[in-house]
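One letter stands for each residue in the lines below.
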Amino acid sequence: MEQKTIIILGGGTGGLVASHELKKKTKELARIMVIDKNDMHIYAPSFLWLMLGQRQAHKIQKPLSSLNRKGIEFINDEVVKIEPERKLVRTKNANFHYDYLIIALGAELAPEKVPGLTEAGYDLYELEGVERLREDLKNFAGGKVAIIIASLPFKCLAAPYEAAFLLDEYFQKNRPCAAAHHVA
Ligand SMILES: Cc1cc2nc3c(=O)[nH]c(=O)nc-3n(C[C@H](O)[C@H](O)[C@H](O)COP(=O)(O)OP(=O)(O)OC[C@H]3O[C@@H](n4cnc5c(N)ncnc54)[C@H](O)[C@@H]3O)c2cc1C
């Protein structure tokens, strides 16, 4: 039987689950490729534990090239165009033909849309913001914490609420004078 090519755009949660499940089901019947502009997969659900110092950054990320060992081809490139009529994906550096396409490119963050947000706040959805928050929490002397959902839709609806509860517990244990307030 002719081998089919399945291309998965995005090596985030959706792309990785899809690639592993499809590899298990199709074995050698399909050539499976994952294309992502980043070379590392960072497991974002662990950001909440990173925030509290209960995880280390290097333990929640893995090179996407490790997919190759499982027979899934990883291409580190940025997708710039999809041409469905030609079954073609264009990246910055190459073109790829597919038989089946899965699009799992996630949501783009745009903190710059809220003036002052980047300077004043911590981005719970990016590694750098969470690491900064973890360090500043150590020196937090008290006051109000606002957790802002700037617009809808946003990825992981539970994360702001989980962060509020976890921070509240953290402050109760570590800083009795402060409390977490959730502002939606
Ligand atoms: C704090 C936090 C907690 C979370 N908790 C949970 C949880 O408990 N359960 C849960 O299910 N989810 C959770 N999530 C969400 C989860 O991490 C995923 O973001 C979400 O499931 C969406 O997955 P996705 O694969 O669609 O997108 P993403 O995981 O965002 O992946 C998209 C991928 O596409 C790539 N990409 C984007 N554009 C391009 C392009 N043009 N070219 C090439 N590559 C591109 C990106 O680099 C990225 O790797 C949480 C997220 C956060 C931040």
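Residues numbered from 1 in each chain as written. Predicted model: local features only at pLDDT ≥ 70, side-chain atom pairs only at ≥ 80, totals over all residues. Heavy atoms only, no water.

1. What about the pattern of salt bridges?
Move 1: Within this structure, the stated rule accounts for 12 salt bridges.
Move 2: A salt bridge links Lys92 to Glu78, with the shortest nitrogen-to-oxygen separation between them at 3.3 Å. Taken together, the residues span a long stretch of sequence, with Lys92 in the loop between strand 7 (88-91) and strand 8 (95-97) and Glu78 in the loop between strand 5 (73-76) and strand 6 (79-83) at a distance of 14 residues.
Move 3: The exposure class of Lys92 is exposed, given its relative accessible area of 57%.
Move 4: A salt bridge links Arg86 to Glu83, with the shortest nitrogen-to-oxygen separation between them at 3.1 Å.
Move 5: Overall, the relative accessible area of 47% leaves Arg86 in the partly exposed class.
Move 6: Here Glu83 falls in the buried class, since its relative accessible area comes to 6%.
Move 7: Here the residues in one salt-bridge network are Lys81, Glu83, Arg86 and Arg90, joined through shared partners. (Salt bridge = Lys/Arg side-chain N within 4 Å of Asp/Glu carboxyl O. Helix = DSSP H or I, 4+ residues; strand = E, 2+ residues; numbered from the N terminus. Buried < 20%, exposed > 50% of the residue type's maximum accessible area, 1.4 Å probe, protein only.)

2. Some details on the site of the ligand
Move 1: What surrounds the ligand is a group of 23 residues, the closest being Gly14, Asp36, Lys37, Asn38 and Val79.
Move 2: In this structure, an oxygen atom belonging to the ligand sits 3.3 Å away from a main-chain N or O atom of Thr13.
Move 3: One of the backbone nitrogen or oxygen atoms of Gly14 is found 2.7 Å away from an oxygen atom of the ligand.
Move 4: Alone, the ligand offers 990 Å² of accessible surface; in the complex the protein occludes 75% of this.
Move 5: In terms of residue count, the dominant contributor to the shell around the ligand is helix 1 (residues 13-26) (three residues).
Move 6: Split by residue class, the shell around the ligand holds 10 nonpolar, eight polar and five charged.
Move 7: Here the shell around the ligand gathers at least three residues from each of two domains, domain 1 (4-103) and domain 2 (111-183). (Near = heavy atom within 4 Å. Polar contact = N/O pair within 3.5 Å; in protein donor to acceptor, adjacent residues only side chain to side chain. Areas by Shrake-Rupley, 256 points an atom, 1.4 Å probe, with all protein chains shown as cover. Nonpolar A, V, L, I, M, F, W, Y, C, P; charged D, E, K, R; others polar. Domains from an automatic or database assignment.)

3. Quick look at the environment of Ala107
Move 1: Here Ala107 shows up in the loop between strand 9 (100-103) and helix 3 (117-120).
Move 2: Through-space distance from the C-alpha of Ala107 to that of Glu83 is 21 Å; in sequence the pair is 24 residues apart.

4. Quick look at the side chain of His41
Move 1: Secondary-structure assignment places His41 in strand 3 (residues 40-42).
Move 2: At 2.9 Å, the side chain of His41 forms a polar contact with the backbone oxygen of Gly11.
Move 3: Leave out the neighbours within four places in its chain, and His41 touches Gly11, Gly12, Thr13, Leu16, Ile60, Gln61, Lys62 and Leu64. (Contact = heavy atoms within 4.5 Å.)

5. Examining the sheet that holds strand 7
By definition, the strands of a sheet pair up through backbone hydrogen bonds, in either a parallel or an antiparallel sense.
Move 1: Pairing is antiparallel in the open sheet, where three strands are placed in the order 6-7-8. Every other strand in the sheet has two partners, leaving strand 6 and strand 8 as the edge strands with one partner each. Taking the axes of each pair of neighbouring strands and ignoring which way they run, one obtains an average angle of 20° across the sheet.
Move 2: With four bridges connecting them, strand 6 and strand 7 associate as antiparallel partners. Directly across from Ile82, in strand 7, lies its bridge partner Val89. (Pairing = 2+ DSSP bridges. Axes fitted to C-alpha atoms, helices over the stretch in contact; angles between N-to-C directions.)

6. Digging into the environment of Leu48
Move 1: Counting through the fold element by element, Leu48 comes out in helix 2 (residues 47-51).
Move 2: Assessed through its relative accessible area of 7%, Leu48 is described here as buried.
Move 3: Remark: the alpha-carbon pair of Leu48 and Leu166, spanning 118 residues in sequence, is separated by 8.0 Å.
Move 4: Beyond its immediate stretch of four places on either side in the chain, Leu48 contacts Leu124, Ala159, Glu162, Ala163 and Leu166.

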